[in-house]
Amino acid sequence: MPLNCGIVGLPNVGKSTIFNALTSAKAQAANYPFCTIDPNTGVVTVPDERLAKISELIKPKSLVPTTMEFIDIAGLVEGASKGEGLGNQFLGHIRATDAVCHVVRCFDDPEVIHVAGGVNPLHDIDIINTELLLADLDTVEKRHTKVERSAKAGNDPKIKAEHAMLQKLLMVLNAGKPARTADLTDDEKILSRDLFLITAKPQLYVANVDESGLIDGNAHTAAVEKRAEEEGSQVVRICGALESEIAQLEPSERDEFLKDMGLSEPGLNRLIHSAYRLLDLITYFTAGVQEVRAWTIRRGTKAPGAAGVIHSDFEKGFIKADCYASDDLFTYGSEQAVKEKGLLRSEGKEYVVKDGDILFFKFNV
């Protein structure tokens with residue numbers, strides 16, 4: 001399954017407009033709260049020029065890009081953690097995502113209603129972050145109450161370890177900080193996964209601007225970028241209305257349109273790349289005459305784990321991986337030339353796959 005990002009924000013900040021442009025899934029977009037009731041899901045290809053370059057040299061029968069899933073989640077309002085608006089329905093949808101794309105309105109337009117009465121991106125951010133934090137605090141408190149009784153009643157080391165982890169989470173959440181800032185050990189991080197905490201997920205901000213704020217930003221984007229820097233997060237500026245126009249154009253017209261706008265690529269490409277960086281993902285390739293394909297893995301994944309993305313049997317029966325860098329293929333023009341230069345290697349179970357590697361797995365089940 002592709003990794004996924006939940007697109008969240010207050011009503012009428014442009015979430016569904018951006019989602020529609022991103023996925024061409026035609027989610028309903030209207031100028032009133034809660035026009036998106038069920039989460040709309042779209043799987044998009046991850047733009048990667050290397051895939052086409054490999055294909056030109058290998059000449060396969062088919063070409064398969066890697067993908068990422070975006071989920072447009074109904075607008076959140078103040079009090080959602082207590083059931084206001086769509087409340088728990090919203091929170092349940094977002095708990096299942098890998099990361100959060102927080103869309104913030106950074107444009108002024110009297111024709112588009114703002115649920116809070118005026119454009120104030122930091123206020124909007126605080127509303128959503130507070131609701132997510134309160135939802136997580138409720139989850140942790142309930143679990144802590146249950147585990148604390150067991151911890152006092154016995155000496156089970158697993159219960160003791162979970163109790164210590166929950167106390168760390170309570171400390172940061174009660175201080176108004178997201179769960180991802182808790183100083184958890186690696187073992188505690190594994191234990192905490194079962195809680196499905198929303199504020200433990202990585203988050204990036206999508207500043208939805210008008211055309212005048214796209215290149216140089218504006219006062220609203222400056223405020224969001226400052227906040228993101230303080231949090232160690234990222235910001236992508238996107239003009240949702242403009243991206244909707246770009247999404248309807250043919251590829252040749254799109255390039256000309258972007259050039260006229262002074263842009264090198266659609267903002268939605270930048271969003272996908274930012275989401276990749278946020279999740280610390282990289283791409284490796286398999287390449288042969290039948291198929292050239294891109295695969296997504298987390299940075300630091302070893303060769304057997306990378307093989308397991310293709311099929312669990314590849315990981316179970318992993319023997320070795322023949323490997324070379326796609327840059328070497330581009331430099332020397334063919335796999336045979338790469339071999340002649342001594343740049344094709346056989347790697348074992350401890351090899352950490354690098355971004356842009358071309359791999360051929362050998363396994364036995």
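On a predicted model such as this, the values are computed, not experimentally measured, just so you know. (Residues numbered from 1 in each chain as written. Predicted model: local features only at pLDDT ≥ 70, side-chain atom pairs only at ≥ 80, totals over all residues. Heavy atoms only, no water.)

K.L.:
Looking at this structure, how should I read the overall build of the protein chain?
P.N.:
Each helix and strand in the protein chain was counted, giving 14 helices and 12 strands. When each of the 365 residues of the protein chain is scored for burial, the buried share is 45%. Long-range pairs, those at least 24 residues apart, make up 69% of the contacts in the protein chain between residues at least 6 apart in sequence. Counting every atom, the protein chain has about 18100 Å² of accessible surface; 50% of that belongs to carbon and sulfur. (Helix = DSSP H or I, 4+ residues; strand = E, 2+ residues; numbered from the N terminus. Buried < 20%, exposed > 50% of the residue type's maximum accessible area, 1.4 Å probe, protein only. Contact = heavy atoms within 4.5 Å. Areas by Shrake-Rupley, 256 points an atom, 1.4 Å probe, with all protein chains shown as cover.)

K.L.:
Would you take a moment to explain the sheet that holds strand β2 (residues 40-45) for this structure?
P.N.:
Across a sheet, paired strands are connected by hydrogen bonds in the backbone, their directions being either parallel or antiparallel. Spatial strand order, β2-β4-β1-β5-β6-β7: six strands in an open sheet with mixed pairing. Only two strands of the sheet have a single neighbouring strand rather than two, namely β2 and β7 (234-238). Neighbour-to-neighbour, the strand axes of the sheet open up by a mean angle of 25°, direction not taken into account. In terms of strand pairing, strand β1 (residues 4-8) meets strand β5 (residues 99-105) through four bridges, oriented parallel. (Pairing = 2+ DSSP bridges. Axes fitted to C-alpha atoms, helices over the stretch in contact; angles between N-to-C directions.)

K.L.:
Whenever I open this one, the side chain of S192 confuses me. Can you help?
P.N.:
With respect to the helices, strands and loops of the structure, S192 is situated in helix α6 (residues 186-192). Here S192 falls in the buried class, since its relative accessible area comes to 14%. Ignoring anything within four residues of it in the chain, the contact list for S192 reads M165, L169 and L184.

K.L.:
Any chance you could explain the nonpolar core here in plain terms?
P.N.:
Of all hydrophobic cores here, the largest spans 39 residues; its most connected members are C5, M68, F70, C101, L204, V206 and L271. Take this core: its biggest share by element is six residues, from helix α10 (residues 267-278). Among all residues touching C101, those that are not within four sequence positions of it are C5, G6, I7, V8, F70, L204, V206 and L271. In this structure, M165, L166, L173 and L197 belong to the second largest nonpolar core, which totals 15 residues. (Core = buried A, V, L, I, M, F, W, Y, C linked by side-chain atoms within 4.5 Å.)

K.L.:
Honestly, the packing of aromatic side chains in this entry has me stumped. Any pointers?
P.N.:
Geometry of an aromatic ring pair is reported as the spacing of the ring centres plus the angle between the planes. What the rule picks out here adds up to three aromatic pairs. Ring-pair connections join several aromatic residues into one group, and the members of that group are Y284, F318 and F361. (Phe/Tyr/Trp six-rings, centres within 6.5 Å; stacked < 30°, edge-to-face > 60°.)

K.L.:
Mind showing me how you'd approach the environment of L214 here?
P.N.:
With respect to the helices, strands and loops of the structure, L214 is situated in the loop between β6 (203-208) and α7 (219-231). When its relative accessible area of 7% is taken as the criterion, L214 is described as buried. Separated by 53 residues in sequence, L214 and G267 have C-alpha atoms that sit 9.2 Å apart. Beyond its immediate chain neighbours, meaning those up to four positions away, L214 contacts V209, R237, I238, C239, L242, L263 and R270.

K.L.:
What is the right way to look at unusual backbone geometry in this model?
P.N.:
The general pattern is negative phi for most residues beyond glycine and trans for most peptide bonds. One non-glycine residue, K59, lies in the positive phi region at around 55°. Tracing the backbone through its elements, the reader meets K59 in the loop between α2 (49-58) and β3 (62-64). The phi dihedral of F196 is positive, around 50°, even though this residue is not glycine. The topology assignment puts F196 in the loop between α6 and β6.

K.L.:
Quick question: what am I supposed to make of the pattern of salt bridges here?
P.N.:
Between side chains of opposite charge, a pair can form when the charged atoms approach closely. This structure, assessed with the given rule, holds 16 salt bridges. We note a salt bridge from R143 to E162, for which the minimum N-O separation is 2.7 Å. Of the two residues, R143 sits in helix α4 (residues 121-153) while E162 sits in helix α5 (residues 157-174), which places them 19 residues apart along the sequence. E162 sits in the buried class, given a relative accessible area of 14%. Here E335 makes a salt bridge to K339, at a shortest N to O gap of 3.8 Å. On the criterion of helical spacing, the pair formed by E335 and K339 is a turn pair, its members being four residues apart in helix α14 (residues 335-340). Given the relative accessible area of 28%, E335 is considered partly exposed. Connected via shared salt-bridge partners are D48, R50 and D355. (Salt bridge = Lys/Arg side-chain N within 4 Å of Asp/Glu carboxyl O.)

K.L.:
Could you clarify how one ought to interpret the layout of surface pockets in this entry?
P.N.:
A water-sized probe, rolled over the atoms, reveals where empty space remains. Considered as a void within the structure, the largest pocket measures approximately 880 Å³ in volume. Residue lining of the largest pocket: 23 residues in total, with K189, R193, A200, K201 and P202 positioned closest to the centre. Here the lining of the largest pocket takes four residues from α6, the largest share from any one element. For the lining of the largest pocket, the per-class residue count stands at 12 nonpolar, two polar and nine charged. Each pocket or cavity is described by its volume, and for the second largest pocket that value is around 540 Å³. In terms of lining, the second largest pocket is formed by 22 residues, of which the most central are T45, P47, R254, P266 and N269. For the lining of the second largest pocket, the secondary structure elements donating two or more residues are α1 (15-23), β2, α8 (240-247), α9 (251-261) and α10. The biggest single contributor to the lining of the second largest pocket is α9, with four residues. Taken together, the residues of the lining of the second largest pocket sort by class into 13 nonpolar, five polar and four charged. (1 Å grid on protein atoms, 1.4 Å probe; cavity = no way out; pocket = protein on both sides within 12 Å on 5 of 7 lines; lining within 4 Å. Points joined across faces, edges and corners; volume = space filled by probe spheres on them. Nonpolar A, V, L, I, M, F, W, Y, C, P; charged D, E, K, R; others polar.)

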